[in-house]
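Observations on chain architecture
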Amino acid sequence: MKIYINGKLLDEKNAKISVFDHGLLYGDGVFEGIRVYHNKVFTLDRHVDRLFRSARAIALEIPMSKEDIAKAVVRTCKANKVENGYVRLVVTRGVGTLGLNPYLCKEPQVIIIAAGIQLYPVELYKKGLSIVTVGTMRNHPEAINPRIKSLNYLNNVLAKIEALNAGVMECVMLNPQGYVAEASGDNIFVVRGDLLVTPPVWCGALEGITREVVMEMAPELGYRVKEDVLTRYDLYTADEVFLTGTAAEIIGVGVIDKRPIGKGKPGPVTSQLADRFKEYTKVTGTPIK
Ligand code: PMP
C-alpha cells in the first residue's frame, strides 16, 4: 500500500510520523473519512470543505489549497487502485516540543490512507442495530465543539466503551442538557409518519455529510425533514430510528435500551432511503483517473 505524506507517496513501511507530532501527543489535528464507490470519490468537495472548517476552528493552517488536497486524495486512490473503499485524510499539527504550544509546530503533516472498509455485518442492515444510551455526554460546544472533526476522539471512545461493555456496537450520546446529540460515530434520525427529525448541530452533532445527503434526498421521496431537539422519549416512541455515516451509510436501529423501536427492525422509510442512497453513490463523485 502507498501512503501519501506531504506530497509524497511512500511505501507503507516507510510511511512514518514523528513521535513528537502533536497529533500523537495531544490529539491535535483534524481528519476526514471518505468513501470511494465505483471508481469515484463520494462527496469529496464536501469532505474537503469540512476538513478546512475543522482546521480553521482549531487555528491550524493546512499548507495546501482545497484543490490540491482533493487532487491528492484522488492520486492516492489511483496509486492504490482503490475502486471501492475508504480514505482517511488526516492533518496533524506537526512536530513540536513536549509542551502544548501549537505555535511551535511549524509543519502540519498531511496524511492520506486509501484502503478498504469494514462495515457492520450485512445481516445487521436487515435486522437492525441494537444500541444503548450512555452516560458519557457529548462534548459541550464550548469545550471541543462536536462540529470539529478532530483527532481527539476520546469522548467518542469512552462512549463506545460503554456501548461495547453493554454488549452492543453503538450508542446514543446525549448532550449536557440531556438532549439527543448523535451516536459515537454516526448521526441519528427519527422517523415519525412522513417526517424525519435529526438534532440540530448545536445539540452536539457533527455536521455529517451522509446526514446532509439524506436531508437533501428525503424531500424527493416525499418526506419532510426537520432539525429539532430530541429527547429519549422521541427515540422510544419513533416509528423508525436510523443512523447515518460515511462508513455505516444508512443503518436502521431495531432496539434502544432493550426497547424495540417501531416493529423492532428497520422500517420501510429507512430501507427506501438506504436504497436511494446506494443509487446516488453510483451516479455521483469525483472520478479517479
Ligand atoms: N458523528 C460522528 C461523531 C462521526 O465521527 C461521524 C463520522 N464517522 C459522523 C457523525 C457521520 O458523519 P459523516 O456522514 O460525514 O461520515
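Just so it is clear, the model here is predicted, and its values are computed rather than measured. (Residues numbered from 1 in each chain as written. Predicted model: local features only at pLDDT ≥ 70, side-chain atom pairs only at ≥ 80, totals over all residues. Heavy atoms only, no water.)

Next up on the list: the pairing of strand 6 (residues 109-115). Counting buried positions along strand 6 yields five of seven residues, so the element is predominantly enclosed. In the sheet, strand 1 (residues 2-5) pairs with strand 6 via two bridges, with the strands oriented antiparallel. Note on strand 6: the bridge partner recorded for Ile 5 is Ile 111. The pairing of strand 5 (residues 85-92) with strand 6 spans seven bridges and is antiparallel. (Buried < 20%, exposed > 50% of the residue type's maximum accessible area, 1.4 Å probe, protein only. Helix = DSSP H or I, 4+ residues; strand = E, 2+ residues; numbered from the N terminus. Pairing = 2+ DSSP bridges.)

Let us now look at unusual backbone geometry. Most of the time, phi is negative for any residue but glycine, and the peptide bond is trans. Backbone geometry at Asn 39 places phi at a positive 65°, although glycine is not the residue there. Mapped onto the elements, Asn 39 comes out in the loop between strand 3 (29-37) and strand 4 (40-41). Unlike most non-glycine residues, Thr 43 shows phi in positive territory, near 45°. Take Thr 43: its relative accessible area is 11%, and that puts it in the buried class.

Okay, the side chain of Glu 207 next. Within the secondary structure, Glu 207 sits in the loop between strand 11 (195-198) and helix 6 (209-220). With a relative accessible area of 19%, Glu 207 lands in the buried category. Leaving out residues up to four positions away in the same chain, Glu 207 has contacts with Arg 50, Arg 53, Arg 147 and Val 201. (Contact = heavy atoms within 4.5 Å.)

Another point: a nonpolar patch on the surface. A grouping of Val 19, Phe 20, Leu 24, Leu 25, Tyr 26, Val 95, Leu 98 and Leu 100 is seen on the molecular surface, where their side chains present a nonpolar patch of about 770 Å² in accessible area. Assignment of secondary structure puts Tyr 26 in helix 1 (residues 22-26). Judged by its relative accessible area of 31%, Tyr 26 is partly exposed. (Patch = residues over 30% accessible without salt bridge, like charges linked within 9 Å, V, L, I, M, F, W, Y side chains within 5 Å. Areas by Shrake-Rupley, 256 points an atom, 1.4 Å probe, with all protein chains shown as cover. Salt bridge = Lys/Arg side-chain N within 4 Å of Asp/Glu carboxyl O.)

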